[in-house]
Structures are given as C-alpha cells and as structure tokens.
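Letter by letter, the chains look like this.
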Amino acid sequence: MMHIIIDAALVTELRRLVMSTCGDMVSFMRIQPIAHATRMKVWLPLSKPAIDRVMAAVMRSLPGAEFGRITPA
C-alpha cells in the first residue's frame, strides 16, 4: 500500500498519472480530504514494480507530492 499526500487541486492529475502508468494494476484508489480539504491523502494498493513506476512518474509530474509509508497490502 502506497500513501501519497497532494494538493486537492491535483487529484485528477494524480489519478490520470496513475492510470496511465499502471492502470491495469490498480484495483482501487482511496482518497480522503485533510487540512480543511486543501490537501488529499491517497492510498494506492500496488505491487513493488508498480510502486517504483508510480513514484518516478509522480516525482517528475507532481513535485509537491509527499510520499508516506509504503506497507504490504
């Protein structure tokens, strides 16, 4: 399970990025508003290879994203 925190305005961009990077490996995406809904916490259940690909894509496209703990799904 991969945890990411992003600005609320970037949720659609993150969703598009994840689906284009490894959409066939994503079974669900949980999104929860935090900090008065200006930021969103996102949970992605991904395999290790998919996590590496998503992290690289997010770091390139959404430099303000914060990565949290990565735990076994």
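Preceding block: the structure.
Residues numbered from 1 in each chain as written. Predicted model: local features only at pLDDT ≥ 70, side-chain atom pairs only at ≥ 80, totals over all residues. Heavy atoms only, no water.

**Q** How should I be thinking about the environment of Ile5 in this particular structure?
**A** You can see Ile5 is positioned in strand S1 (residues 2-7). It is 9.5 Å that separates the C-alpha atoms of Ile5 and Pro33, two residues lying 28 residues apart in sequence. Beyond its immediate stretch of four places on either side in the chain, Ile5 contacts Ile34, Arg39, Met40, Lys41, Gly64, Ala65 and Glu66. (Helix = DSSP H or I, 4+ residues; strand = E, 2+ residues; numbered from the N terminus. Contact = heavy atoms within 4.5 Å.)

**Q** Teacher, can you tell me more about the nonpolar core here?
**A** Nonpolar side chains in soluble globular proteins generally cluster together in the buried interior. Core analysis: the largest hydrophobic core is formed by 20 residues, its most contacted members being Ile6, Leu14, Leu44, Leu46 and Val54. Among the elements of the structure, S1, helix H1 (11-22), strand S3 (39-44) and helix H2 (48-61) are those that each provide at least two residues to this core. Beyond its immediate chain neighbours, meaning those up to four positions away, Leu46 contacts Met2, Cys22, Met25, Val26, Ile51 and Val54. (Core = buried A, V, L, I, M, F, W, Y, C linked by side-chain atoms within 4.5 Å. Buried < 20%, exposed > 50% of the residue type's maximum accessible area, 1.4 Å probe, protein only.)

**Q** What exactly am I supposed to notice about the environment of Lys41 here?
**A** In this structure, Lys41 sits in strand S3. On the basis of relative accessible area, Lys41 is assigned to the partly exposed category, the value being 29%. The spacing of Lys41 and Ala8 is 33 residues in sequence and 9.0 Å in space, taken between C-alpha atoms. Non-local contacts of Lys41, meaning those with residues more than four positions away in its chain, are made with His3, Ile4, Ile5, Arg30, Ile31, Gln32 and Ile34.

**Q** Please clarify how the side chain of Arg39 should be interpreted in this entry.
**A** Within the secondary structure, Arg39 sits in strand S3. Assessed through its relative accessible area of 18%, Arg39 is described here as buried. Looking at Arg39, its side chain comes within polar contact range of the side chain of Glu66, at 2.6 Å. Among all residues touching Arg39, those that are not within four sequence positions of it are Ile5, Ile6, Asp7, Ala8, Gln32, Pro33, Ile34 and Glu66. (Polar contact = N/O pair within 3.5 Å; in protein donor to acceptor, adjacent residues only side chain to side chain.)

**Q** Please clarify how the packing of aromatic side chains should be interpreted in this entry.
**A** The relation between two aromatic rings is expressed through the spacing of the ring centres and the mutual angle of the planes. For the structure shown, the criterion picks out zero aromatic pairs. Taking the ring centre of Trp43 as reference, the NZ or CZ of Arg30 above it sits at 4.1 Å. (Phe/Tyr/Trp six-rings, centres within 6.5 Å; stacked < 30°, edge-to-face > 60°. Lys NZ or Arg CZ within 6 Å of the ring centre and 35° of its normal.)

**Q** What's the story with the sheet that holds strand S4 (residues 66-70) in this structure? I'm lost.
**A** The strands that make up a sheet are held in pairs by hydrogen bonds between backbone atoms, and each pair lies either parallel or antiparallel. If you walk across this open sheet you meet the four strands as S2-S3-S1-S4, and the pairing is antiparallel. Edge strands, defined here as strands with exactly one partner in the open sheet, are strand S2 (30-34) and S4. With strand direction ignored, the average angle separating the axes of adjacent strands in the sheet is 20 degrees. Judged from the six bridges that link them, S1 and S3 form a sheet pairing that is antiparallel. (Pairing = 2+ DSSP bridges. Axes fitted to C-alpha atoms, helices over the stretch in contact; angles between N-to-C directions.)

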